[in-house]
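What the coordinates show
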Amino acid sequence: QIDSLLRYPGSKQIKPRLAECAAWLAGLSPAFLQRLIKDDPGILLRADGGTFSDDDKSQITQALLLALDQRKIRINAPGFRAGYKKLAHEGIAVCITPYITDSSHNSVVRRIAIEIAEECLVEEMSKALVSVALDKLDDLIVRQRAIHALLALEPDEHRSKLLALLEDADAN
């Protein structure tokens with residue numbers, strides 16, 4: 001019955017005006033949470049992240065990245081990036097690493113995975129981010145995002161590696 005109030009008839013998408021309400025209800029109803037993870041995981045970035053277990057956060061992260069990779073959801077909703085911090089959990093690196101390191105994924109989902117690493121302060125992603133940043137064959141916007149994340153995570157540790165990029169740019 002909750003679904004019929006929050007969704008468009010015949011659709012799995014939550015009505016935009018009711019997104020906050022749906023996110024709140026997901027924290028109260030495990031069954032509704034699971035339906036949102038499956039059908040509209042982006043809505044959950046608006047929820048109070050404290051109500052979700054690490055397992056829930058892992059499922060949300062994986063579903064969100066898969067939906068973005070398959071272009072089933074868009075990232076233009078207000079507060080989307082602000083919600084990334086709510087995804088922080090012990091195993092987040094396992095969820096985001098394939099999207100950051102595998103260039104066969106679309107550039108939008110790779111950029112989002114990098115932003116999640118940055119917002120959640122996933123320092124263990126530093127090595128992968130350096131690799132992406134230094135890969136001249138990789139997408140330029142993805143490389144720029146990786147550099148930005150590295151500077152936010154551990155600016156001093158990677159400065160010398162990133163300076164090599166500037167020296168290469170000056171040489172060309």
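Look above for the structure.
Described below are features of the structure shown in this document. (Residues numbered from 1 in each chain as written. Predicted model: local features only at pLDDT ≥ 70, side-chain atom pairs only at ≥ 80, totals over all residues. Heavy atoms only, no water.)

**Observations regarding the overall build of the protein chain**
In terms of regular secondary structure, the protein chain is built from nine helices and zero strands. Counting helices and strands in the order they occur from the N terminus, the protein chain gives α-α-α-α-α-α-α-α-α. Buried positions account for 45% of the 172 residues belonging to the protein chain. Across the protein chain, contacts joining residues at least 24 apart in sequence account for 59% of those joining residues at least 6 apart. (Helix = DSSP H or I, 4+ residues; strand = E, 2+ residues; numbered from the N terminus. Buried < 20%, exposed > 50% of the residue type's maximum accessible area, 1.4 Å probe, protein only. Contact = heavy atoms within 4.5 Å.)

**Things to note about the packing of helix α2 (residues 19–28) against helix α3 (residues 30–39)**
Between α2 and α3, whose axes approach to 6 Å, the crossing angle comes to 130°. It follows that α2 is oblique to α3 by the angle criterion. Like other packed secondary-structure pairs, α2 and α3 cross with a definite hand, here left-handed. Contacts between α2 and α3 involve A22, L25, A26 and L28 from the first element and P30, F32, L33 and L36 from the second. Here the residues of the contact of α2 with α3 sort into eight nonpolar, no polar and no charged. (Axes fitted to C-alpha atoms, helices over the stretch in contact; angles between N-to-C directions. Parallel < 35°, antiparallel > 145°, perpendicular 65-115°, else oblique. Left-handed = near helix turned anticlockwise from the far one by under 90°. Nonpolar A, V, L, I, M, F, W, Y, C, P; charged D, E, K, R; others polar.)

**Quick word on the pattern of salt bridges**
Within this structure, the stated rule accounts for 13 salt bridges. Across the pair E119 and R81 runs a salt bridge whose closest N-O atoms are separated by 3.0 Å. Linking E119 in helix α6 (residues 107–119) with R81 in the loop between α4 (54–69) and α5 (92–101), this pair joins segments that are 38 residues apart in sequence. When salt bridges with common partners are traced through the structure, they connect R81, K85, R111, E115, E118, E119 and R145 into a single cluster. (Salt bridge = Lys/Arg side-chain N within 4 Å of Asp/Glu carboxyl O.)

**Thoughts on the packing of α6 against helix α8 (residues 140–153)**
It is at 9 Å that the axes of α6 and α8 come closest, and there the two elements cross at 0°. With respect to α8, the axis of α6 lies roughly parallel. Contact with α6, carried on its side by S107, R110, R111, I114, E115, A117 and E118, involves I141, V142, R145, A146, H148, A149, A152 and L153 of α8 and no other residues of that element. Taken together, the residues of the contact of α6 with α8 break down into eight nonpolar, two polar and five charged.

**Thoughts on the nonpolar core**
With 52 residues, the main nonpolar core has I96, I100, I116, M125 and L129 as its most contacted residues. Not counting residues up to four positions away in its chain, the partners in contact with I100 are R110, A113, I114, A117, M125, L129 and V132. (Core = buried A, V, L, I, M, F, W, Y, C linked by side-chain atoms within 4.5 Å.)

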